[in-house]
Structure formats: C-alpha cells, structure tokens
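Spelled out, the chains give:
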Amino acid sequence: MSVEEHIASIDNERPIINEVFDVDDSNYHLFLEQHEFQLKSNNIPEHFWKALCLKLENQVFDAGNAFSMLYVEPEDETDEATLKVVVSIDSIDPSDGNNIFLIDHAWTYRASEAVTHLQTIPGLLERMAKLMNVPIESENTMDCVFDRMWKFNLTYSLPSLNSVEDKLPIWYIMDEFGSSIKHSSNPNFRIVPFLHIPEGIAYSLLFPNEIVTKGDEVTRDYVEGITDEAYKRAHLLPWIHHSFRDVSFYQTEPQEEYFISGRTNETLPNLNALVTKNTNGEATNLRPLKVFSQYIYVNEYLTSPKFIVVAEEEDADILWLTSHFKKYKELSENCPFKFINQFPFECVITIKDLLAVICRRTSTNDTQDIVTTLGSRSVEDAQPAWLPVTYNLSTELQQFISCFQHREDNRFDNHWICKPWNLARGMDTLITDNLDCIIRISRSGPKIAQKYIENPVLFYRDGIGHVKFDVRYVILLKSVHPLELYVYKNFFLRFSNKPFEMNDFHDYEKHFTVMNYNENATLHRLLCSDFIREFNIQYPDNQWSQVEPTIFSMMKDIFEAASNKNPPCGIGKSPQSRALYAADLMLATNGDQQFQPKILEINWTPDCQRACEYYPDFYNDIFELLFLDEEKDVFHKVV
C-alpha cells in the first residue's frame, strides 16, 4: 500500500459526519455526571465539553476535515521516513468549542499481555510494524515492535475500580493519525486520554492551545507536566538522545521528608503511658489471651488453649489486623494492655524503595571515594553484596540512566526488573534491557528498577531441568529497642516451571516463581526438609548448612539498619507491637563460586496459607513466641 493510500485508509476508518447536532440537556447532564472528574483532572477547557459530548454520542470522527498527514523525506540514509500531521484548513482557534477531536486507539493492552497480543491478534503485528516503520518481512519483527513500541505508547489507569488488578496501568497506542503527531516543548495542541463510560472505550482527545493556520505542523508535549529541565531530558530520552554519564549514579540517603512523602500519617506511642504498665495486662498467665483477628488462617489455625479468638476488637488482648494500623499514640494511652501486630513506620522495610535505602546503610564501602572515580566502577561497589542495585524511578531516574549508560559502555549485563514499590505478587512487573521501556514505565505509577539477577543459583527439577527458585523466610520481630528478631526455620520454596535462560523475558513461567496466583500455571510444592536434602546433593560444595548462616546474617543487618534511626527514617519503638513479615530472597553465584543471598523484598501481612497447611501448629508456635515468650526449636534467634 502506498503512503497516500495508507493515509486515505486512516481518514476513512470512521465516518466523518458534517451535520450539526444539538446536545440534549438530559444527555449532557448525564455526560457530566459520568465524566466531570475526568474533564477537570485532565484540564479540558469547559467550552469543549458540549462538543465532546456530541461527538462521542454520535461517533463523530472529523479530524480528517481539519488535518492532513504528510510524508517526511529522510534527511540522510541513517534517518527513517516518517509521517507528520499538519493543519489543512485556514485556521483552528482554541476559543471555538467545536475544535476538539477524537482519536482512536489502535492497540490497548497491559504490559504483561503485549507479546501475547502481538502473537495472537490477527493483523496487529503487521499494523504495528507499519505504524512503527519496522520491516514486516524481518525474522525478528515482533521483537523489533516490542522494543520500539515504547516510543509510541501512552498510559492511563482506572482508580475508581475496587480490584487491585483492575487498577494496574493500561497502555495504549493511538491510531496512525495520533501516533504521527510529533513532540514539541512548546506544543500547539494537547492530547489527553478519555474513557467514555457508556461504551467502556478509551479515546484520545486532541484540542488546540493556540491559533494555528493552514500548513502548521501539529505538535504535542510527549512528557506533559514535567517542568524541571534535567528531569524532562531524562523522560524525553526515548525520542531525543542525551548522555547522563556526567551524573553520578551513586545514591545517598534521602532526607526525612522522603520517608513520609505520599505515605499515610501515623502517630508514635506515648512511651510514658506504658512505663508503669505491664503490657501483658491483668494476670494473663491465669487465662487465655483473647485474639481479635482479621486474617482467616489465624482464626482457623490458632488452636492453642493459651489463646481464644474473639469477635470484637474491644474484647481483645491482641489485635491481629490485615489493615494498616496508624494510631499508636491513641492505643498506648487508651488501651495500654493491648498488643498490635504492627510496628510504627515498619513501611521502611515493607515498601520496596525504602527497603533499598535501609539496606544501603549497611555498606562498609567508602562511597565518597568511589564517587570521585567513576571510571568503570559499578554501583554495586557502594552497597552490600546481598542487595540488588535498586533505583526509585520517580526520584532517581537521572542516576539510573547514568548507571544504565555506564553499564552499557562497560558491557555489563543491563537487564532490570521494574516493579511497583507498593504492590506484591509480581503484579505490573516487567524484565527488560530496553532503556526506553524503563523510562516509559516510570510514567505509569511509582516504580523501582532493580538489577535482574542474571546468575541465579538454579535447582534441578526432574523432567524440566534447571529452574529459578526463591526462598521465603517468616521473620518475627518482638522489639526494636532492644532488637529481638527471630526466623521461623521452616522456610518456603517457590519455583519457576521452565528452565532458566537469559532470554524470552516475557515468559512468566521461565523468569518468575510466584505461581500460586496464576491459574494457568502449575504450583510445584516441596517441603524445606526435602529441598535441603536435594540441594545438598546438587551442590556438594555449598551445603545448605553453609548457606543459611549468610541468610541469617543478612536479616540481622537489615533489621539493625532499620532500627538504628528514629521514625520516620526507621522502625519505631513500641512495647505493644509484635510483627510477622516474610522475607523473599534468591541465591546468586559469584566469581569464587560461593553462593550469595540477595534480598528481593520484605512483605507485610504475607499470605501464610501454605505455612498453615504444611505446619498446622504454625500460628500456635508464632503466637506463643511473640506474646508469651515461649521459644521452641522451630525458631532461630537472629539477634
């Protein structure tokens, strides 16, 4: 198809309706009820609202009446041919309420679905290849489209829905018309996403910022809303190359404001109110402790006669909540005899970006000396060996790009796993070595980029081969001042279902281990005792009895670092608090073939269903340790 035919087909994809429609008052009132929040939050001028209502109601796609798409000759052999959009009528005035235009979306997807869509939706790969100037006859057309699509995609989310999964970012690529509109830092148009509630379909809306005349090129700001120039250069990198190698990629601990920015406020306990009170309360040795629990498995598996589950919070000695508790001052003053299963500001270890900050405190290296001599040094030199390099893509994007570019120069592996710092279960997580992808993902919500472990210790599974695995330890925190930390010795394993290779990073069952939330995947179960026996056979030079102490040492370092600063920069002292966390880790090989644990994350209110099913006394043992100080052989005291 020629360029002219291609453009004509775009203009004719939807009927262009020239008649003038009146907007029914009742319809417009309903339109505002459903969409006013979107209209205002996207700063769509009010004088466009009625025309938008009319065009959506009557499916008026009239951009073809006002704009043309022109073929742009490449300036030299290294450039690609492109299309641009120009004004084709005498003028377009932003004060005219009719000058708002609908743009279709050619492809809508979640990041985890992209490759599957390209493989299975008829015609999609071919259309995207044409749109992105990727040769269709190429053997790696799909890979090229997947790599290049980050220059074209945009994103929105649906915050009004209740399900976490439904709130995950939705990516989309506009049709050929919208995708041909070029960037300008001083754009003459704006484009914003808009979900039409009655249809459940998203469009993009195009409207002018200024008067434009015939022949003017239509432009928009690809990174609208970013005003800091250096930060804007970072976000424009997918389209406009810029080196950040002069930016130090080493990280310093942020100020106190960082630890509370965007977090829910919480109070600290009044320690004076607890000084003269025994937090065990009235003669609890003579009666069972009453437990109010929001977690079904505590209610089901806490069978020790030393405890009794009650239905009302006010009746309880112990509150075991799955909702975040923030009112420690009020609890200490009003209910000094109650326990709570949370610590003040424990988010410093349970939120991924904060955990990385905490872990970097344990480094024994002199970061200042390293900063002055970047050379070919790696950021790993300035942090503990057990922490994968981690950047907050909201606040450390320039440092991350510098790190990425330096690693690229030195031919270091550059695969990163990008994940929300406030979600779990592998949701909205992507593995890539595409810098454009990482930069664009950073616009879809709070994310970290963590160095992907390219040299994991593998576990041989019969009939499958050598697969990735991770290890989950249950961590019990009794006190932070002084620090009292225990590990439940019966750890838990999770396995990939396909042999590990550094390719096919979209293949979930090859690169991820969390299968219990994936209905299409097989969950491989293995008790830790059986794992240890098999692990010792597979790795006779790295017996588990040698590996596990390094894991416990890592746990000690993390919690010491988390408690050596006052809130909000560390976990707060609270005599009423006891907590259970789950620490997820992997093992990596290093140059001398010793196995190095790598902390992945620490989870708040983790899923303990498997623990209860494998070890029915799990919660009996946990509660007796945390609340009655009864230590058993199933625990290892870390500190």
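Cut-off values and rules
- Along each chain, the written sequence defines residue order, and numbers are assigned to residues from 1.
- Predicted model: local features are reported for residues with pLDDT of at least 70 only, side-chain atom pairs are reported and counted for 80 or more only, and whole-chain, interface and lining totals are derived from all residues.
- As a convention, hydrogens and water are excluded, and side-chain values are obtained from all of the structure's heavy atoms.
- Only protein chains enter the accessibility calculation, which uses a 1.4 Å probe; a residue is then buried when its area is under 20% of its type maximum, exposed when over 50%, and partly exposed in between.
- Secondary structure elements follow DSSP: runs of H or I no shorter than four residues count as helices, runs of E no shorter than two count as strands, and numbering proceeds from the N terminus.
- Two strands pair if DSSP finds at least two bridges between them.
- Any pair of N or O atoms that falls within 3.5 Å is considered a polar contact. Within protein, one atom must be able to donate a hydrogen and the other to accept it, and sequence-neighbouring residues count only if both atoms are side-chain atoms.
- Patches here are clusters of residues that have more than 30% relative accessible area and form no salt bridge, with a 9 Å joining cutoff for like charges and a 5 Å cutoff for nonpolar side chains (Val, Leu, Ile, Met, Phe, Trp, Tyr).
- Here the open area of atoms and residues is found with the Shrake-Rupley method and a 1.4 Å probe, where only the protein chains shown may cover a residue.
- Here a salt bridge means any side-chain nitrogen of Lys or Arg lying within 4 Å of a carboxyl oxygen belonging to Asp or Glu.
- Working convention for charge: Lys and Arg count positive, Asp and Glu count negative, and His plus the chain ends are omitted.
- Throughout, a charge is located at the NZ atom of Lys, the CZ atom of Arg, the CG atom of Asp or the CD atom of Glu.
- Inter-axis angles, ranging from 0 to 180 degrees, are taken between N-to-C directions of lines fitted to C-alpha atoms, where helices are fitted over the stretch in contact.
- Residue contacts follow a heavy-atom distance rule, with two residues in contact if any of their heavy atoms lie within 4.5 Å.
- Per-residue confidence from the predictor is reported as pLDDT, which spans 0 to 100.
- Residues grouped as a nonpolar core are buried Ala, Val, Leu, Ile, Met, Phe, Trp, Tyr and Cys residues, joined through side-chain atoms within 4.5 Å.
- Each angle receives one of four descriptions, namely roughly parallel if under 35 degrees, roughly antiparallel if over 145, roughly perpendicular if within 65 to 115, and oblique otherwise.
- Three categories are distinguished: nonpolar for Ala, Val, Leu, Ile, Met, Phe, Trp, Tyr, Cys and Pro, charged for Asp, Glu, Lys and Arg, and polar for the others, with Gly belonging to the last.

Draft legend 1. Just the pairing of strand E23 (residues 469-480), in detail. When you tally the buried positions in E23, you get 12 out of 12 residues, the bulk of the element. Looking at chain direction, E23 and strand E26 (residues 579-589) are connected through 7 bridges and run antiparallel. If you follow arginine 472 over to E26, its bridge partner there is aspartate 584. Between the antiparallel neighbours E23 and strand E24 (residues 483-488) lie 2 residues.

Draft legend 2. Quick look at the side chain of aspartate 62. Within the element layout of this structure, aspartate 62 appears in the loop between helix H3 (49-58) and strand E1 (67-72). Polar side-chain contacts of aspartate 62 include one of 3.0 Å to the side chain of lysine 55.

Draft legend 3. Structural detail: a negative patch on the surface. On the surface, a cluster of negative charge is made up of Glu312, Glu313, Glu314 and Asp315. With respect to the helices and strands, the residue glutamate 312 is situated in the loop between strand E14 (307-309) and strand E15 (318-320).

Draft legend 4. Molecular detail of the pairing of strand E5 (residues 105-109). Counting buried residues in E5 gives 4 out of 5 residues, a clear majority hidden from the surface. Of the strand pairs in this sheet, E5 and strand E7 (residues 170-174) are connected by 4 bridges, and their pairing is antiparallel. Paired with histidine 105 across the strands is methionine 174, a residue of E7.

Draft legend 5. Representation of the pattern of salt bridges within the structure. For the structure on display, the rule yields 30 salt bridges. The salt bridge partner of glutamate 224 is arginine 190, with a shortest N-O separation of 2.8 Å. With glutamate 224 in the loop between strand E12 (219-220) and helix H8 (229-235) and arginine 190 in strand E9 (residues 189-196), the pair connects residues that are 34 residues apart, well separated along the chain. Accessibility expressed as a relative area gives 36% for glutamate 224, which makes it partly exposed. A salt bridge links arginine 494 to aspartate 470; the shortest N-O distance between them is 3.0 Å. One end of the pair, arginine 494, is in strand E25 (residues 492-495); the other, aspartate 470, is in strand E23, with 24 residues separating them in the sequence. Residue classification places aspartate 470 among the buried residues on the basis of a relative accessible area of 3%.

Draft legend 6. Unusual backbone geometry, seen in detail. In the segment running from histidine 481 into proline 482, the intervening peptide bond is cis, with an omega of 0°. As for its position among the elements, proline 482 is in the loop between E23 and E24. Cis geometry is adopted by the peptide bond preceding proline 568, which originates at proline 567 and carries an omega value of 5°. Assignment of secondary structure puts proline 568 in the loop between helix H20 (544-563) and E26. Here glutamine 59, not a glycine, exhibits a phi torsion of approximately 50°, which is positive. With respect to the helices and strands, the residue glutamine 59 is situated in the loop between H3 and E1. Positive phi, normally seen in glycine, also occurs at phenylalanine 345, with a value near 60°. Looking at the secondary structure, you find phenylalanine 345 in the loop between strand E16 (339-340) and helix H13 (347-350).

Draft legend 7. Molecular detail of the sheet that holds strand E10 (residues 201-208). Here 3 strands make up an open sheet; going across it, the order is E4-E10-E9 and the pairing antiparallel. This sheet does not close on itself; its edge strands, each paired only once, are strand E4 (101-103) and E9. Strand-to-strand twist of the sheet, defined as the mean angle between neighbouring strand axes without regard to direction, takes the value 35°. By the bridge criterion, 8 bridges tie E9 to E10 in an arrangement that is antiparallel. Counterpart to valine 192 in the pairing with E10 is leucine 205. Relative to E4, H3 is tilted by about 45°, and along the sheet it contacts E4, E9 and E10.

Draft legend 8. Fine view of the confidence of the model for the protein chain. Summing up the model confidence of the protein chain, the mean pLDDT is 90 and the portion of residues at 70 or higher is 90%. In this model, residues 1-20 is a region of pLDDT below 50 whose contacts with residues beyond four sequence positions or in other chains number 27 contacts. Below pLDDT 50 for its whole length, residues 278-283 participates in 11 contacts with residues either more than four positions away or in separate chains.

Draft legend 9. Representation of the nonpolar core. In this structure, Tyr473, Phe618, Tyr619 and Phe623 are the most contacted members of the largest nonpolar core, which totals 93 residues. Ranked by the residues each element gives to this core, the list is headed by H20, at 10 residues. Leaving out residues up to four positions away in the same chain, phenylalanine 623 has contacts with Val291, Val298, Leu302, Phe307, Ile318, Trp320 and Leu628. Residues Ala111, Ala114, Met128 and Tyr391 belong to the second largest nonpolar core, which totals 46 residues.

Draft legend 10. Layout of the packing of helix H14 (residues 352-360) against H20. Two elements in contact, H14 and H20, have axes separated by 8 Å at closest approach and are oriented at 100°. Overall, the two elements H14 and H20 adopt an arrangement that is roughly perpendicular. Contact residues: H14 offers Leu355, Ile358 and Cys359, while H20 offers Ile558, Ala561 and Ala562. Broken down by class, the residue content of the contact of H14 with H20 amounts to 6 nonpolar, no polar and no charged.

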